[in-house]
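Each chain, written out:
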Amino acid sequence: GAGVSQSPSNKVTEKGKDVELRCDPISGHTALYWYRQSLGQGLEFLIYFQGNSAPDKSGLPSDRFSAERTGGSVSTLTIQRTQQEDSAVYLCASSFPEKIYNEQFFGPGTRLTVL
Amino acid sequence: SQQGEEDPQALSIQEGENATMNCSYKTSINNLQWYRQNSGRGLVHLILIRSNEREKHSGRLRVTLDTSKKSSSLLITASRAADTASYFCATVQISNFGNEKLTFGTGTRLTIIP
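Residues numbered from 1 in each chain as written. Chains lettered and ligands numbered in written order. Predicted model: local features only at pLDDT ≥ 70, side-chain atom pairs only at ≥ 80, totals over all residues. Heavy atoms only, no water.

A. Structural context of the overall build of chain A. Counting its regular elements, chain A contains 0 helices and 11 strands. Along chain A, helices (α) and strands (β) appear in the sequence β-β-β-β-β-β-β-β-β-β-β when read from the amino end. Its C-alpha radius of gyration of 13 Å places chain A within 12% of the 13 Å reference for a compact globule of 115 residues. For chain A, the residues scored as buried account for 47% of the 115 residues in total. As displayed, chain A has an accessible area near 5,300 Å², and 48% of this comes from carbon and sulfur atoms. (Helix = DSSP H or I, 4+ residues; strand = E, 2+ residues; numbered from the N terminus. Rg over C-alpha atoms; globule rule 2.2 N^0.38 Å. Buried < 20%, exposed > 50% of the residue type's maximum accessible area, 1.4 Å probe, protein only. Areas by Shrake-Rupley, 256 points an atom, 1.4 Å probe, with all protein chains shown as cover.)

B. Inspection of the nonpolar core at higher detail. Residues and elements named next belong to chain B. Met21, Leu32, Trp34, Leu74, Ile76, Tyr87 and Leu110 are the most contacted members of the largest nonpolar core, which has 21 residues in total. Contributing elements (two or more residues each) for this core: β2 (10-14), β3 (19-24), β4 (31-37), β5 (43-50), β7 (61-66), β8 (71-76), β9 (85-94) and β11 (108-113). Not counting residues up to four positions away in its chain, the partners in contact with Leu110 are Leu11, Ile13, Ala19, Met21, Ile76, Asp83, Thr84, Ala85 and Tyr87. (Core = buried A, V, L, I, M, F, W, Y, C linked by side-chain atoms within 4.5 Å. Contact = heavy atoms within 4.5 Å.)

C. View of the pairing of strand β4 (residues 31-37) of chain A. Residue and element names in this part refer to chain A. Taking burial as the measure, the 7 residues of β4 include 7 buried ones, the bulk of the element. Residues of β4 alternate between two faces, with Ala31, Tyr33, Tyr35 and Gln37 on one and Leu32, Trp34 and Arg36 on the opposite face, all of them buried. Here 7 bridges tie β4 to strand β5 (residues 43-50), and the two strands are oriented antiparallel to one another. Residue Arg36 lies in a different strand from β5, and its bridge partner there is Glu44. Counting the residues between successive antiparallel strands, the hairpin from β4 to β5 contains 5 residues, one of them, Gly40, with a positive phi of roughly 70°. Alignment of β4 against strand β9 (residues 88-95), held across 7 bridges, turns out to be antiparallel. Residue pairing in the sheet places Tyr35 in a bridge with Leu91 of β9. (Pairing = 2+ DSSP bridges.)

Note that all results are geometric; they support no functional claim without further evidence.
The structure is reproduced here in structure tokens:
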């Protein structure tokens, strides 16, 4: 079946511009996660959605970052007034938390480059 | 913050040899998972070991967990060129918000030399 998809795969933007990154989770997966991976680093948790609500936003690095999820499906991560330090690969994952010890299924990521 | 620390950071071995990667962590966990990442993009789940398990096998993969030492190891036997990738451990805890929170280490870059 279809996996997690993300778009765009690559995004180059100028400092100060806003960007939107999209994630389409696996159908039926109620949990959705956003992570950020800087070059050569591990994954940094950003935000968790259960359905359309985001009970855990603790990883968002600043108020320039926001995310929403609609219809319990598609999620959009928005970065306002981008900075060069926002350059990273942004990964989305979904899971079916009703299953104990569930695994997270990752999308291919969006590589964001801020010039 | 990163909880898991993988060791070594990079590993190069000949095809056919075994590769061992280690992961250390700091706080108590529900379970620990290993993921593989090719070319800096999406991660693929490899194996999960629960906190009450000590060893688990899946194909050519063997994972151990020592909760007293807060460490885990991933062994890939009879390595193949296709195993070249970055490998991450992820410790799993239930957050205050009720979600299963994965905290990833910095990864081991494995290169298999044909």
